Amino acid sequence: LTHIGAKFMFVAGMFVSGCVTILFGMLDKVPSGPIFISLCFLVRAMDAVGFAAAMTASFSILAKAFPNNIATVLGSLEIFTGLGLVLGPPLGGFLYQSFGYEVPFITLGCVVLVLVPVNMCILPKYDSVPSKDSFWKLILLPKVLLLCLIIFSLSACLGFLDPTMSLFILKKFKLPAGYVGLVFLGLALSYSLSSPLLGLLSDKLPYLRKWLLVSGGLMTALCFFMLGPAPVLHIESQLWMFVLVLVLIGFSLGMSAIPVFPEILHCAYENGFEEGLSLLGLVSGLFNAVWSLGAFAGPTLGGFLNEKLGFEWASAIQGGWALLSGLATGIFYITEATRR
């Protein structure tokens, strides 16, 4: 990032993602079988590179532009993440039903490509000097490792819901397929609406970040235990309770996800890292790498547990990641305060 520039990396990542999204729309022309599967993996891998470049650069640019309000800005932008999660499925479904497979991907790809020249004109260009600080030096800091566990647990819990929750809703509550997307709204809306407030709180009262991280992890664990609910509770699952728990999950995920980026930066500064775009690139790359690792592990492990044990037990076990990260973070901060 420091060698090619954050602006170039962001624009190039968007361009690759836009082109690859259009390619997705053409995959139905490929003969079925090994060729189709191979091309699916190849196109997904190309998309991942573009996405990683754009996300890593965007985090760095935001942190550089708003150094004293990082959490507030990230929290405010999570409104649009939530908006994308809310509008993506219904708009994609409408285009798919009306025009077929190709149109949703080509439409989205064209929108992304149109935004490339817009960002080339609008985004500022930041000069940066490559730092001697290494990625391994950052990740081997005990506190950073702990914060990475938090990021992983949040991403894994969120990813777990993708392949499992819609199947559970259809089976348990007998809802029409069109209404399943509305159930997801509870999580997306509560996350996007609470994120700006949590970001502002993290910036104005930095000492609260540690308690947001701890309580967010424990609250997420409790919510996943209640999502089924776990069979040991002997509570009959009801739709209103399910939606309420999803709303609480959205809020608890925000409590942990928003403060974690500025907390990693603060830890790096405490350990002598040079302030600048180079460090922001390291932290942003680390955040997105660990988040992506959780996004892989969550659906994989969750899908396996759901198949073997059912959704009730699978969600309770999945919440163990958040419980582990919440308890470990609490113990670490108490120990740190005692030493001081």
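Cut-off values and rules
- Residue indices begin from 1 for each chain and proceed along its sequence in written order.
- Confidence filtering applies because this is a predicted model: local features only for residues at pLDDT of at least 70, side-chain atom pairs given and counted only at 80 or more, and all residues used for totals across whole chains, interfaces and linings.
- Side-chain numbers here rest on the full set of heavy atoms in the structure, without hydrogens or water.
- Segments assigned H or I by DSSP are reported as helices when at least four residues long, segments assigned E as strands when at least two residues long, and all are numbered from the N terminus.
- Atoms counted for the radius of gyration: C-alpha only. Globule rule: 2.2 Å times the number of residues to the power 0.38.
- Any residue under 20% of the maximum accessible area for its type is buried, any over 50% is exposed, and the rest in between are partly exposed; the area is computed with a 1.4 Å probe on protein chains only.
- The criterion used for residue contact is that any of the two residues' heavy atoms lie within 4.5 Å.
- Per-residue and other accessible areas were derived by the Shrake-Rupley procedure at a 1.4 Å probe size, with only the shown protein chains allowed to occlude residues.
- In this count, Lys and Arg are taken as positive residues and Asp and Glu as negative ones, while His and the chain termini are left out.
- Lysine's charge is taken at NZ, arginine's at CZ, aspartate's at CG and glutamate's at CD.
- Note on terminology: a nonpolar core comprises buried Ala, Val, Leu, Ile, Met, Phe, Trp, Tyr and Cys residues joined through side-chain atoms within 4.5 Å.
- Source of the domain bounds: an automatic or database domain assignment.
- Summed over both partners, the accessible area (1.4 Å probe) lost when two parts come together is defined as the buried area.
- Salt bridges are identified by distance alone: a Lys or Arg side-chain nitrogen within 4 Å of an Asp or Glu carboxyl oxygen.
- Under this definition, polar contacts are N or O atom pairs within 3.5 Å; protein pairs additionally need one hydrogen-donor-capable and one acceptor-capable atom, and for neighbouring residues in sequence, both atoms have to be side-chain atoms.
- Side-chain rings of Phe, Tyr and Trp (the six-membered ring for Trp) are treated as a pair once their centres are within 6.5 Å; stacked means planes under 30 degrees apart, edge-to-face means over 60, and tilted covers the remaining angles.
- Two thresholds decide whether a charge sits over a ring: the Lys NZ or Arg CZ must be within 6 Å of the ring centre and within 35 degrees of the ring normal.
- Within this analysis, patches are made of residues with over 30% relative accessible area and no salt bridge. Like charges are joined at 9 Å or less; nonpolar side chains (Val, Leu, Ile, Met, Phe, Trp, Tyr) at 5 Å or less.
- UniProt positions are given in the numbering used here, feature names are shortened, and annotations may be inferred rather than shown by experiment.
- What counts as an axis is a line fitted to C-alpha atoms, over the stretch in contact for a helix, and the angles between N-to-C directions run from 0 to 180 degrees.
- Here the word oblique covers every angle except those under 35 degrees (roughly parallel), over 145 (roughly antiparallel) and from 65 to 115 (roughly perpendicular).
- Take the far helix as your reference; a near helix turned counterclockwise from it by less than a right angle gives a left-handed crossing, and one turned clockwise gives a right-handed crossing.
- Residues are grouped as follows: Ala, Val, Leu, Ile, Met, Phe, Trp, Tyr, Cys and Pro are nonpolar; Asp, Glu, Lys and Arg are charged; every other residue, Gly included, is polar.

(A) Here's a closer look at the overall build of the protein. Secondary structure assignment for the protein yields 11 helices and zero strands. Against the compact-globule benchmark of 20 Å for 340 residues, the protein has a radius of gyration of 21 Å, which places it among compact chains. Seen along its three principal axes, the alpha-carbon backbone of the protein occupies a region of about 55 × 50 × 35 Å. Across the 340 residues of the protein, 46% fall into the buried class. Long-range pairs, those at least 24 residues apart, make up 82% of the contacts in the protein with a sequence separation of at least 6. When the accessible surface of the protein is totalled, it reaches about 17,200 Å², and 74% of it is carbon and sulfur. The protein carries 17 positive and 16 negative side-chain charges, and their two centres are separated by 3 Å.

(B) Quick look at the nonpolar core. With 75 residues, the main nonpolar core has Leu-138, Leu-227, Phe-242, Leu-246, Ile-249 and Phe-261 as its most contacted residues. In terms of residues, this core owes the most to one element, helix 6 (residues 142-173), which gives 14 residues. Two domains each donate at least three residues to this core, and these are domain 1 (1-122) and domain 2 (131-339). In this structure, Ile-249 is in contact with Leu-187, Cys-223, Phe-224 and Leu-227, ignoring residues within four places of it in sequence. Within the second largest apolar cluster, five residues are counted, among which are Val-20, Phe-24, Leu-27 and Val-30.

(C) Main features of the domain arrangement of the protein. If you check the domain split of the protein, you get domain 1 (1-122) and domain 2 (131-339). Between the C-alpha centres of domain 1 and domain 2 there is a distance of 22 Å. The interface is formed by 22 residues belonging to domain 1 together with 24 residues belonging to domain 2. Buried area between domain 1 and domain 2, both sides added, is near 1,900 Å², and the carbon and sulfur share of it is 74%. Applying the counting criterion to the domain 1 and domain 2 interface returns zero salt bridges. Where domain 1 meets domain 2, there are five residue pairs in polar contact (both at pLDDT 80 or more). A total of 11 residues in the side of domain 1 that touches domain 2 trace back to one element, the largest contributor, which is helix 3 (residues 70-99).

(D) Up close: the packing of aromatic side chains. Within the structure shown, the criterion is met by 15 aromatic pairs. On the basis of an interplanar angle of 10° and a centroid distance of 6.2 Å, the ring pair of Phe-287 and Trp-291 is categorised as stacked. Here Phe-287 pairs with Trp-291, and both are found in helix 10 (residues 277-309), just four residues apart, close to one helical turn. Here Phe-287 falls in the buried class, since its relative accessible area comes to 8%. Of note, Lys-137 hangs over the ring of Phe-273, and the distance from its end group to the ring centre comes to 4.9 Å.

(E) Region of interest: the pattern of salt bridges. All told, the structure shown has seven salt bridges when counted by the stated rule. Note that Lys-29 and Asp-28 form a salt bridge whose closest N and O atoms lie 3.7 Å from each other. It is possible to trace a salt-bridge network through shared partners that takes in Asp-28, Lys-29 and Glu-102.

(F) Up close: a nonpolar patch on the surface. A cluster of nonpolar side chains, contributed by Leu-77, Ile-79, Phe-80, Leu-83, Leu-87 and Leu-91, occupies part of the molecular surface with about 540 Å² of accessible area. Secondary-structure assignment places Ile-79 in helix 3.

(G) Quick look at the UniProt feature "domain: Major facilitator superfamily (MFS) profile" (unreviewed entry) in the protein. According to UniProt, the "domain: Major facilitator superfamily (MFS) profile" (unreviewed entry) feature falls on residues 1-127 and 143-340. Each end of residues 1-127 is marked by a C-alpha atom, and these two atoms are 11 Å apart; helix forms 80% of the span and strand 0%.

(H) Structural context of the packing of helix 1 (residues 6-24) against helix 2 (residues 34-65). As a packed pair, helix 1 and helix 2 sit with axes 7 Å apart at the nearest point and diverge in direction by 150°. The pairing of helix 1 with helix 2 is recorded here as roughly antiparallel in orientation. You can see that helix 1 and helix 2 cross each other, and the crossing is left-handed. Judged by residue contacts, Ala-6, Lys-7, Met-9, Phe-10, Gly-13, Met-14, Val-16, Ser-17, Val-20, Leu-23 and Phe-24 of helix 1 engage Val-43, Arg-44, Met-46, Asp-47, Gly-50, Phe-51, Ala-53, Ala-54, Ala-57, Ser-58 and Ile-61 from helix 2. Classifying every residue of the contact of helix 1 with helix 2 gives 15 nonpolar, four polar and three charged.

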